[in-house]
Amino acid sequence: MLTAHTQAVLLLTAHFPGTQAGDSSPLTNTEWAEFACWLKDHDQRPEDLLAADFAGYLDGWSHKKITLERLDSLLARGSALAMALEKWQRAGIWVITRSDINYPKLLKKKLGQKAPPVFFGSGNSRLLNQAGIAMVGSRRSTEQDLRYSRELGACCAGAAYAVVSGGAQGVDESAMLGALDVDGTAVGILAKELLRSANSTKYRRHLIAGNLALVSPFNPEASFNAGNAMQRNKYIYCMAQAAISVHSGTSGGTWNGVRENLKHGWVPMWIKPTQDPEAGNALLVKEGGHWLLDKPSEIDFAGLVQPASVPKPSGELMSLAQSAVPANGDRLEAANISLQAASELPENDALAVKCGASSQTQSATGAGLKVPDPWQWALEAASLPLYEYFLRILKYQAAAPKTIEELQVLPQLAKVHKAQLQAWVKKAAKDGHIDEVSLEGKTVCYQWNESRNLNLL
Amino acid sequence: MREYAEHILRSALDNPQASFHPGQWEAIDALVNERKKLLVVQRTGWGKSVIYFLVARLLREQGRGPSVIVSPLLALMRNQIDAADRLGVRAITLNSTNYDQADDLIAEIQANRVDCLLVSPEKLANEDFVTRAIEPVLEQIGFLVVDEAHCISDWGHDFRPDYRRLLNILMQMPPNMSVLATTATANNRVIDDVVAQLGHIEVQRGPLMRHSLSLQNVVLSDQGSRLAWLADTLPKLPGTGVIYVLTKRDAQQVRDWLVHCGINAQAYYSGIEHDDFTDTNHYREHLEARLLNNELKVLVATTALGMGYDKPDLAFVIHYQAPGSIVSYYQQVGRAGRGISQAYGFLLAGCEDQDIHEYFRRSAFPSENQVQKLLDVLGESDGLSVVELQRHLNLCQGQIDKLLKFLSVESPSPIYKQDRKWVRTPVSYQMDHEQIARLTRMREQEWQEVQAYVQTDDCLMMFLGKALDDPYLNPCGRCANCLGQTLVATEPSLDTARKACQFIRHAEFDFQSRRQVASGAFPKYNFTGNLPQRLRASKGKILSRWNDAAWGRLVADDKHAGHFQDALVLAMAEMIRERWQLAPPPQWVTCVPSLRHPELVPDFTMRLAGQLGLPFRAVIDKVKDNAPQKLQENRYHQCSNLDGIFAITGDVTNEPVLLVDDIIDSGWTMTVLAALLKQYGSGDVYPVALASAAPGK
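None of these values were measured; they are calculated from a predicted model. (Residues numbered from 1 in each chain as written. Chains lettered and ligands numbered in written order. Predicted model: local features only at pLDDT ≥ 70, side-chain atom pairs only at ≥ 80, totals over all residues. Heavy atoms only, no water.)

### Regarding empty space enclosed by the protein
So, step 1. Tallied over the full model, the rule gives four cavities of 30 Å³ or more.
So, step 2. Taken as a whole, the largest cavity holds about 80 Å³ of empty space.
So, step 3. Contributing to the lining of the largest cavity are Ser79(A), Met83(A), Val68(B), Leu124(B), Ile134(B), Leu138(B), Ile141(B), Leu144(B), Ile169(B) and Met173(B).
So, step 4. For the lining of the largest cavity, the secondary-structure elements that each account for two or more residues are helix 4 (78-90) of chain A together with helix 7 (127-138) of chain B.
So, step 5. Classifying every residue of the lining of the largest cavity gives nine nonpolar, one polar and no charged.
So, step 6. What the second largest cavity holds in volume is close to 40 Å³.
So, step 7. Lining the second largest cavity are Leu127(A), Leu128(A), Gln130(A), Ala162(A), Val164(A), Val187(A) and Met239(A).
So, step 8. Taken together, the residues that form the lining of the second largest cavity break down as six nonpolar, one polar and no charged. (1 Å grid on protein atoms, 1.4 Å probe; cavity = no way out; pocket = protein on both sides within 12 Å on 5 of 7 lines; lining within 4 Å. Points joined across faces, edges and corners; volume = space filled by probe spheres on them. Helix = DSSP H or I, 4+ residues; strand = E, 2+ residues; numbered from the N terminus. Nonpolar A, V, L, I, M, F, W, Y, C, P; charged D, E, K, R; others polar.)

Structure below.
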């Protein structure tokens, strides 16, 4: 049985099957956010509005669009709520609101008030707060892409990450089933027909086994609607910790979704190379995505999450950048990718947990990355490939002496935090890869020591 | 507001002195002004409908949407609609009988011209109906009424699956929705259960005793005596009434007997059909209306004539067999005498009651095996229709329906109906054996309570009142026990008893061969679709029903003993010669072969042929063994189990033939053999058998 709180939120925000009564269109996410804020500020709870005379609780509320009449007719939809919920719950659908423990925390954190007030779902709701990698791709994908997606899903499961996807045909479905078939976990965020998908043979046994959660912010019987699909895209990114786009056109859902993610910088965005001349993959890299060059079995998924992290210097995290080691000529670009990604570190406490012991040494608060002892980090990072990429950059860029400031404005290092840069430089100097040179007795510069690096690169 | 409401009541009743019964206004006030949830327990006729119609009206006047009344009535919503009309409430009903007008009615609702919508729980559970008729107005519904709310509780005598769903709807009703649940038959346990499940619901209850009803019990163990008692007693009773029976077969038999005795009676049960009516609902409505207008002396009904049948001048209710619980007895007998000063309730207890109730209890729940098989089959698919399920599961339609109903009202349920197909949901499911055991134990206790009622020397009405936890009790002063003398004779006359016994022994009935074969079931015989007329059997006869009081018991005993005695040969020969006008008459006799009992039927048939003076020719061979036909539970399996099993090997002449078997179950064996005989050039084929074993008929 639903709590009065959930009932009130549903009455105010959910669409129910059947005809909408009069002008009672449910509150949008933004409208709900505004209204909920006002209630909170006035010490009212949504469930208070389920009293016979609710208007008494709204003294002072006045809004052009969210009128008392509209609220009244929304709140009077009790029969529709009861009939719909009876049907949905009978089919095993559950409802969570923002105040529920299993509501995806990342979503609230990244989207704030734009996170949907309600999710309908089926399966294991605890998965919604599991660390996951988003996998997206256009519905019209080649057999090859689908095979890749399946393998990607399976490997992601092997790395103990959930696959987060949209449950659409094609890449979404292949990636999710790839994970599920090897007993991994997946979260599908659907834009339509949750009820039908939950009852389908392909997902049913995984839902029963507790390896899958299917959720939708829309009514479980909603049919396809482009607006819903677009709105849903952002939840896929924001519920994951990194995203991989297997294939994108130059328009449509995947294209727009990836660009939206790049624009907002929600999670590191990885793009699989493709032979398809029509694909938008390369353009998306130009817009800030990173090439994902490895075969799925060689991807280090944790590295996708946090490719090169200033505040997260644990061995585990740093080793992730390995995934970006290219076998071909554009090594520098690969290094660039990693370092750039490092700068995109999300302010994310869920990640800190994954970082293990070293996370205790740092208390990253907000965007400010307080580093207790950069040197200590550098030591930890020494064994790591990322450091080697840094050295590679130095080899070419510091052939002539460079100050730290000059290094920092290099495009490849532009996004690396200064503390990290200093730590690496100190270590490189200590290890003898570079020499500390004092130019004209003023500024300290660093220069690549070719003779001591013969066997290095 | 009270004055205003009372004013409406007065003009409705056309009585300026009228006022609310104690409790009526309080209920209206709580529902309209406080949006409360209320359970009202009052006897039928007290005026529960005044509450909900006035609430509907007052809410409308406050600008709320229409009210919905869920009530298990079928046809007689007419009464309610008229009552609503007098209170200035525009009520309509949407049900299967006016489905063709649904568009107009829905348009009326959408145009805001309807105050009250009456629907049955079955309709409310029907997804198609809800989508079409309810959803367009669902968001505006302002008030929900659940009539006969005791059905919500599985402690109730009459728990119904569709009410289980209604309960789940009620549980989801937010606090700002007014809800009224009403019942006339709830004991404390049921009330407590409803309150516990629904949470914030207030209870209002009044006295349940009925003051115009005189009760008497009559113990007559054999059916012949009870039939005779009915024939003797009915003509002496004033007015019209209802006889309740436990099975459809009994409804038909009692009706036939009464008609045989010149009493104007009709049978009534779910699925009853009549050639003059398009479907069973129309015919049932017609029967209800005929009783209502006193055009019938008596309607012989199963419990299908159920809650909500409101005929104020119903003068008697007779139970041909004891009902399963006191509460259901109270409810059924309580239909008599609502609007008249004298009415009668007789309970005839018989020896077969016990067995029937045990069968009901045993078959009340599907078996674990059935459940598991269904879930396995659905789990492998993306949805199956009932017809497809029949192929996968060897269960009859009724069993499949029951199984689906049982599972589909669970919440969450392991199955769900989606686009007219059943799908498996992602809900893991375990049958609740403990609950099933608890409910079965309770049914046993209820049955024991009925036995105690039959035996008691105390006031019968008080016994009923106690079982209902009625707080307002005193001896009725008008039952056989209070009076210390019988209201009517407890023994039938010898003459009628003799007639009744003969009637029972001549209770043979027609056999109609099957027509439509299951698709894909006969690849060898190549039968498809409807069997053509030229291959169909003529109308046949069956001497008795398996194990019945006439010949059926003898057939059962002899089948087990491996030899049918001459008495059965003579009885069948007499039936064929004297009561079955066969034209053209049969010229030879053949029989259904069996590999398990190769002699039983041929031996019987040979003696029968001898009695009839016709040649016996065993022209049918069973060329392949198959599973017993009686274990095939649905048409597909019944058909495919026979494909290629028989061959015609002897000399078939182009003359009418009697085709003899001992037991007819689904009728497919007779149908297939008649078709084969006719393919081989025989004349008309008359199937004849000693007994039918079709279940539930």
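After that view, the rundown keeps rolling.
### A few points about the sheet that holds strand 4 (residues 162-165) of chain A
Residue and element names in this part refer to chain A.
So, step 1. Spatial ordering of the open sheet is given by 1-2-6-5-4-3-7-8-9, a layout of nine strands whose pairing is mixed. The sheet is open, and its two edges are formed by strand 1 (94-97) and strand 9 (290-291), each paired on a single side.
So, step 2. Inspection of the sheet shows strand 8 (residues 269-271) paired to strand 9 by two bridges, in the parallel sense. By the bridge assignment, Ile271 is partnered in strand 9 with Trp291.
So, step 3. In the packing of helix 7 (residues 171-181) onto the sheet, the strands contacted are strand 3 (132-137), strand 4, strand 5 (186-189), strand 6 (212-216) and strand 7 (242-247), and the crossing angle to strand 3 comes to about 145°. (Pairing = 2+ DSSP bridges. Contact = heavy atoms within 4.5 Å. Axes fitted to C-alpha atoms, helices over the stretch in contact; angles between N-to-C directions.)

### Comments concerning the UniProt feature "domain: Smf/DprA SLOG" (unreviewed entry) in chain A
So, step 1. Sites flagged by UniProt as "domain: Smf/DprA SLOG" (unreviewed entry) map to residues 95-293 of chain A.
So, step 2. Taken as a whole, residues 95-293 of chain A contains 40% helix and 20% strand, while its terminal C-alpha atoms sit 39 Å from one another. (UniProt positions renumbered as here; feature names shortened; annotations may be inferred.)

### Topic: the packing of helix 4 of chain A against helix 8 (residues 161-171) of chain B
So, step 1. Relative to each other, helix 4 of chain A and helix 8 of chain B sit at 120°, their axes nearing to 8 Å. It follows that helix 4 of chain A is oblique to helix 8 of chain B by the angle criterion. By crossing handedness, the relation of helix 4 of chain A to helix 8 of chain B is classed as right-handed. Facing helix 4 of chain A, whose interface residues are Ala82(A), Met83(A), Glu86(A) and Arg90(A), helix 8 of chain B presents Arg165(B), Asn168(B) and Ile169(B).
So, step 2. Taken together, the residues that form the contact of helix 4 of chain A with helix 8 of chain B break down as three nonpolar, one polar and three charged. (Parallel < 35°, antiparallel > 145°, perpendicular 65-115°, else oblique. Left-handed = near helix turned anticlockwise from the far one by under 90°.)

### Observations concerning the sheet that holds strand 18 (residues 588-591) of chain B
Residues and elements named next belong to chain B.
So, step 1. Taking strand neighbours across the sheet as the criterion, the five strands line up as 16-17-22-21-18 in an open arrangement whose pairing is mixed. Sheet topology places strand 16 (509-511) and strand 18 at the edges, where each strand pairs with a single neighbour. The average angle at which neighbouring strand axes cross in this sheet is 30°, direction not considered.
So, step 2. Note: strand 17 (residues 540-545) against strand 22 (residues 685-692), four bridges, orientation parallel. Across the sheet, Lys541 pairs through a bridge with Val688, a residue of strand 22.
So, step 3. Strands in contact with helix 23 (residues 566-579) are strand 17, strand 21 (657-664) and strand 22; relative to strand 22, the strand with the most contacts, it is inclined by about 135°.
So, step 4. Against the sheet, helix 26 (residues 668-679) contacts strand 16, strand 18, strand 21 and strand 22, and its axis sits at roughly 160° relative to strand 21.

### Thoughts on the domain arrangement of chain B
So, step 1. Looking at chain B, the domain boundaries give domain 1 (1-205), domain 2 (213-357 + 456-501), domain 3 (363-434) and domain 4 (508-692).
So, step 2. The C-alpha centroid of domain 3 of chain B is placed 37 Å from the C-alpha centroid of domain 2 of chain B. (Domains from an automatic or database assignment.)

### Here's the deal with the pattern of salt bridges
So, step 1. Summed over the entire model, instances satisfying the criterion amount to 44 salt bridges over all chains.
So, step 2. Of the charged contacts in the structure, one is a salt bridge between Lys311(B) and Asp313(B), with a shortest N-O distance of 2.9 Å.
So, step 3. Classification of Asp313(B) as partly exposed rests on a relative accessible area of 32%.
So, step 4. Notably, a salt bridge pairs Asp510(B) with Lys541(B), separated by 2.6 Å at the nearest N-O pair. Placement of the pair is Asp510(B) in strand 16 and Lys541(B) in strand 17, with a sequence separation of 31 residues.
So, step 5. Overall, the relative accessible area of 13% leaves Lys541(B) in the buried class.
So, step 6. Sharing partners across several salt bridges, the network here consists of Glu86(A), Arg90(A), Glu127(B) and Arg165(B). (Salt bridge = Lys/Arg side-chain N within 4 Å of Asp/Glu carboxyl O. Buried < 20%, exposed > 50% of the residue type's maximum accessible area, 1.4 Å probe, protein only.)

### Notes on the nonpolar core
Residues and elements named next belong to chain B.
So, step 1. Ranked by internal contacts, the top residues of the largest apolar core, which has 216 residues, are Ile243 and Leu258.
So, step 2. In this structure, Ile243 is in contact with Leu230, Leu234, Val254, Leu258, Val298, Leu299, Val300, Ala301, Ile318 and Tyr320, ignoring residues within four places of it in sequence.
So, step 3. If you look at the next biggest cluster of nonpolar residues, it comprises 36 residues, including Phe522, Val652, Leu673 and Ala689. (Core = buried A, V, L, I, M, F, W, Y, C linked by side-chain atoms within 4.5 Å.)

### A closer look at the packing of aromatic side chains
So, step 1. Summed over all chains, the structure comprises 23 aromatic pairs over all chains.
So, step 2. A ring pair is formed by Trp38(A) and Trp61(A), whose centres lie 5.4 Å apart and whose planes are at 70°; its orientation type is edge-to-face. Of this pair, Trp38(A) sits in helix 2 (residues 29-41) while Trp61(A) sits in the loop between helix 2 and helix 3 (68-75); the two residues are 23 residues apart in sequence, bridging distant segments of the chain.
So, step 3. Each residue in the set Trp32(A), Phe35(A), Trp38(A) and Trp61(A) is aromatic and connected to the rest through ring pairs, giving one cluster.
So, step 4. When the ring centre of Tyr148(A) is taken as reference, the NZ or CZ atom of Lys272(A) above it lies at 4.9 Å.
So, step 5. Above the plane of the ring of Trp551(B) lies Arg505(B), whose end atom (NZ or CZ) is 4.4 Å from the centre. (Phe/Tyr/Trp six-rings, centres within 6.5 Å; stacked < 30°, edge-to-face > 60°. Lys NZ or Arg CZ within 6 Å of the ring centre and 35° of its normal.)

### Description of the pairing of strand 12 (residues 316-319) of chain B
All names here are of chain B.
So, step 1. Going residue by residue along strand 12, you find Phe316 and Ile318 tucked away on one face and Val317 and His319 tucked away on the opposite face as well.
So, step 2. Both strand 12 and strand 13 (residues 343-349) contribute to a ladder of four bridges, which runs parallel. The partner of His319 across the bridge, within strand 13, is Leu347.
So, step 3. Taken together, strand 12, helix 13 (residues 326-333) and strand 13 constitute a β-α-β crossover, and its handedness is right-handed. (Right-handed = clockwise from strand over helix to strand, strands pointing away.)

### Quick notes on the pairing of strand 2 (residues 67-70) of chain B
Residue and element names in this part refer to chain B.
So, step 1. Along strand 2, one buried face is formed by Ser67 and Ile69 and the opposite face, lined by Val68 and Val70, is buried too.
So, step 2. In the sheet, strand 2 pairs with strand 4 (residues 116-119) via four bridges, with the strands oriented parallel. Considered in strand 4, the bridge of Val70 is made with Val119.
So, step 3. In this sheet, strand 5 (residues 143-146) lies alongside strand 2 in parallel orientation, the contact comprising four bridges. Looking across to strand 5, one finds that Val70 is bridged to Val146.

### Digging into the interface of chain B and chain A
A common way to express how large an interface is: the accessible area buried when the components associate.
So, step 1. Counting residues at the interface gives 44 residues for chain B, matched by 41 residues for chain A.
So, step 2. When chain B packs against chain A, the two sides together hide about 3,700 Å² of surface, and 53% of this comes from carbon and sulfur.
So, step 3. Three residues stand out in chain B for area buried against chain A, namely Glu139(B), Gln172(B) and Pro426(B), and they jointly supply 24% of the buried area on that side.
So, step 4. At the junction of chain B and chain A, the tally comes to six salt bridges.
So, step 5. Among the ionic pairs, Asp72(A) bridges to Arg64(B), the shortest N-O distance being 3.1 Å.
So, step 6. Here chain B and chain A share 16 residue pairs in polar contact (both at pLDDT 80 or more) between them. (Buried area = accessible area lost by both parts, 1.4 Å probe. Polar contact = N/O pair within 3.5 Å; in protein donor to acceptor, adjacent residues only side chain to side chain.)

### A look at helix 2 (residues 24-33) of chain B
An α-helical segment advances 3.6 residues per turn. Residues three or four places apart therefore align on the same side.
All names here are of chain B.
So, step 1. In terms of burial, helix 2 is a largely internal element, seven of the 10 residues being buried.
So, step 2. For helix 2, the full list of buried residues reads Gln24, Trp25, Ala27, Ile28, Ala30, Leu31 and Val32.
So, step 3. Along its buried surface, helix 2 packs onto helix 1 (2-13), strand 1 (37-41), helix 3 (48-61), strand 5, strand 6 (178-183) and strand 7 (202-205).
So, step 4. Positive phi appears at Arg35, one or two residues downstream of helix 2, with a value of about 50°.

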